[in-house]
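Close look at the chain arrangement
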Amino acid sequence: MTNIIENIREQIRSIVRKALTVAAEKGLLPEMAVNEIFIETPKEKQHGDFSTNIAMLLAKQAKKAPVQIASILIDNMDFTDTYIQRAECAGPGFINFFLETSWLYDTLKIISREGEDYGRINIGQGKKVMVEFVSANPTGPLHMGNARGGALGDCIASVLQAAGYDVTREYYVNDAGNQIEKFGISLEARYIQLLKGEDAIEFPEDGYHGEDIIDHMKDYIEQYGDKLLDADPETRRRELVNFALPRNIERIKKGLEAYGINYDVWFSEQSLYDSGEFEETINFLKEKGLLYEKDGAQWFRATDFGAEKDVVIIRSNGLPTYFASDIAYHRNKFVKRGFDWVINLWGADHHGHVARMKAAVAAVGVDPARLDIVLFQLVRLFKNGEIARMSKRTGRAISLDDLLEEVGRDAARFFFNMKAAGSHLDFDLDLAAKQSNENPVYYVQYAHARICSMLRLLESEGISVPSAEEVDLTLLTASEEQELIKKLAEYPEEIRISAQTLEPSRLTRYVTDVASLFHSFYTECRVKGEEEKLMKARLLLVSATKTVIKNVLDILSINAPERM
RNA sequence: GCGCCCGUAGCUCAGAAGGAUAGAGCGACGGUUUCCUAAACCGCAGGCCAGGGGUUCGAAUCCCUUCGGGCGCACCA
């Protein structure tokens, strides 16, 4: 698909390279080594549409003043068959390029032709990438951190898809190990307490204290009564875990589906043990001499790969740590399943694990640059201007389900993607639930609905969106029209940068800008009732705007309403 | 103590790879509707980019340092 801005940048690079060659041939400049020519977009309109700092960078090599180099280059530029109209030297030696307006009209043609594919690019070239996110322990409900990680991870995945990667969304289910033990013990304690009274057994201090554990056991007793009271504890715990765990996983799945997240793979930690891959991985490390014994435990030499400390992977009681299965899991991702690139989303409180995870990946023979870990800061909820921890309705910690009930999926997803992952996020529940202009979600959705309403009205009068060929786009000369088109032209670039920086928050800002420019256009320029040629040209612009807003909202998995 | 993240307008935040006069939104104030959705638009105000040093043609951005906030530093996950 077409990224017109990238094409223009390429035109400029080529013009500059040719000018350098020509100037050298004429003896005006020496032959110089030029690595890359940076093309920037100036903030000030008077500085043109694009600019380059090449003259400043070459000053030393050329032994000439930047301004002098710039004007030599400009004199030797050839703009034939490009969108460039003219170039100027400005400031300390910038070369500013001004474009023919035809590039704007071509942009509209591209959008009209590509439709829902507009914005898709192919920097990924089909490379296999896995985005693993949320992966919360299935021992309880999803919380706000999971909600942010979910919105972020899902949008990163969508952005990468739009950028041409072959994306797999994955949830790692921690259905083995210590926390499952604790889960079993907690369930068992509640089971006994429910049947024999609070005092019959003391609830373990480090157990899961949530109400949901009690709910599970109430349901279990309702179905199966007290048949496990006399069973041996191990069987009893296994039975209770087998009852509650699938229920939790199912609930998590449902909750995430309601949130608009659909995983390709739910990967079970336990399966690593069942398949023998866990053992295989440990043996692999052993053979490589990367394990040693100390204090009765098995340690992994993470420091050999740049981590700060070595890490225990088999405890002295013989049980593996979480990190041990994580090594096997990541070996599975890269070696067994052949992903070119793996992105994990972790809460920022896990940042201490980044170095050791990369060390582990390196240890199993994979370039750690193929693993990216996106850390996101934790979330504070605000309600009535105060920090909210508990839901008034349920009296429990606010869960993803509560959030969706309170503000809805669109607002939740939009808000979580408004800010960069690394910044702390204050989530204002009142604002997110508000149906007014203070709420940025509605601002964007309203622009879409407004367009749809306009198109409906015109359609009812027999006027439909024309094809780009039958329209005289040069009639679009108002600044509101041209600013809007420029913004629409940037969309493929936004996808590119979001993909490269793994920051989908750019897109919420971008689509807000599009909406804003559209609203300005709408106020200044009428469509219906204008002279027919102008009306058709504007109609095409309106339709292109709708396409872009819809495409962005699709990536964010936010509804683009036709009426509001 | 060591390490990671953060500090930009009253509030919440943008300023990818160093660029020309630092931007939005919200809030405040003042305007706009016989006309395609006013959930909108326009105008105005608001800043020593936490402080101090460096690096260079050029720094909010890179390096050092101080201060302030958050989070890590388990045979938990």
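Before reading further, recall that the structure is shown in the block above.
Residues numbered from 1 in each chain as written. Chains lettered and ligands numbered in written order. Predicted model: local features only at pLDDT ≥ 70, side-chain atom pairs only at ≥ 80, totals over all residues. Heavy atoms only, no water.

**A word on the packing of aromatic side chains**
The final tally for this structure, using the stated rule, is 23 aromatic pairs. On the numbers, 5.7 Å between centres and 15 degrees between planes, the contact of Tyr491 with Tyr510 is stacked. Note that Tyr491 is positioned in helix α17 (residues 491-501) and Tyr510 in helix α18 (residues 505-524), a separation of 19 residues in sequence. Tyr510 shares its class with Tyr491; the two are buried. Feature note: the residues Phe133, Tyr171, Tyr263 and Trp266 constitute an aromatic cluster, connected by ring pairs. (Phe/Tyr/Trp six-rings, centres within 6.5 Å; stacked < 30°, edge-to-face > 60°. Helix = DSSP H or I, 4+ residues; strand = E, 2+ residues; numbered from the N terminus. Buried < 20%, exposed > 50% of the residue type's maximum accessible area, 1.4 Å probe, protein only.)

**Points about the layout of surface pockets**
Estimates place the volume of the second largest pocket at around 690 Å³. In terms of lining residues, the second largest pocket is bounded by 27 residues, among which Gly48, Asp49, Trp103, Lys486 and Glu490 are the most central. Residue assignment for the lining of the second largest pocket shows that the elements contributing at least two residues are α1 (4-25), β4 (94-99), α4 (102-114), α16 (479-489), α17 and α18. Here the lining of the second largest pocket gets five residues from one element, more than from any other, and that element is α16. Per-class residue counts for the lining of the second largest pocket are nine nonpolar, five polar and 13 charged. (1 Å grid on protein atoms, 1.4 Å probe; cavity = no way out; pocket = protein on both sides within 12 Å on 5 of 7 lines; lining within 4 Å. Points joined across faces, edges and corners; volume = space filled by probe spheres on them. Nonpolar A, V, L, I, M, F, W, Y, C, P; charged D, E, K, R; others polar.)

**A short note on empty space enclosed by the protein**
A complete count under the given rule lists one cavity of 30 Å³ or more for this structure. Of the voids in this model, the largest cavity is the one considered here, and its volume is about 60 Å³. For the lining of the largest cavity, the secondary structure elements donating two or more residues are α8 (233-258) and α13 (400-416). Residue contributions to the lining of the largest cavity peak at three residues, all from α8. Of the residues assigned to the lining of the largest cavity, the class counts are four nonpolar, one polar and two charged.

**Observations concerning the packing of helix α5 (residues 144-162) against α13**
Two numbers describe how α5 lies on α13: the axes approach to 11 Å, and their chain directions differ by 35 degrees. In the packing of α5 onto α13, the handedness of the crossing is right-handed. Contact with α5, carried on its side by Met144, Ala147, Arg148, Ala151, Asp154 and Cys155, involves Leu400, Leu403, Arg413 and Phe416 of α13 and no other residues of that element. Counted by class, the contact of α5 with α13 contains seven nonpolar, no polar and three charged residues. (Axes fitted to C-alpha atoms, helices over the stretch in contact; angles between N-to-C directions. Left-handed = near helix turned anticlockwise from the far one by under 90°. Contact = heavy atoms within 4.5 Å.)

**Some remarks on the nonpolar core**
Judged by nonpolar contacts, the single largest core of 147 residues is most densely connected at Leu160 and Phe427. The greatest single-element share of this core, amounting to 13 residues, is contributed by helix α19 (residues 532-556). When near neighbours in sequence (up to four residues on either side) are disregarded, Phe427 contacts Val379, Arg380, Leu381, Phe382, Leu403, Val407, Ala412, Phe415, Phe416 and Ala432. (Core = buried A, V, L, I, M, F, W, Y, C linked by side-chain atoms within 4.5 Å.)

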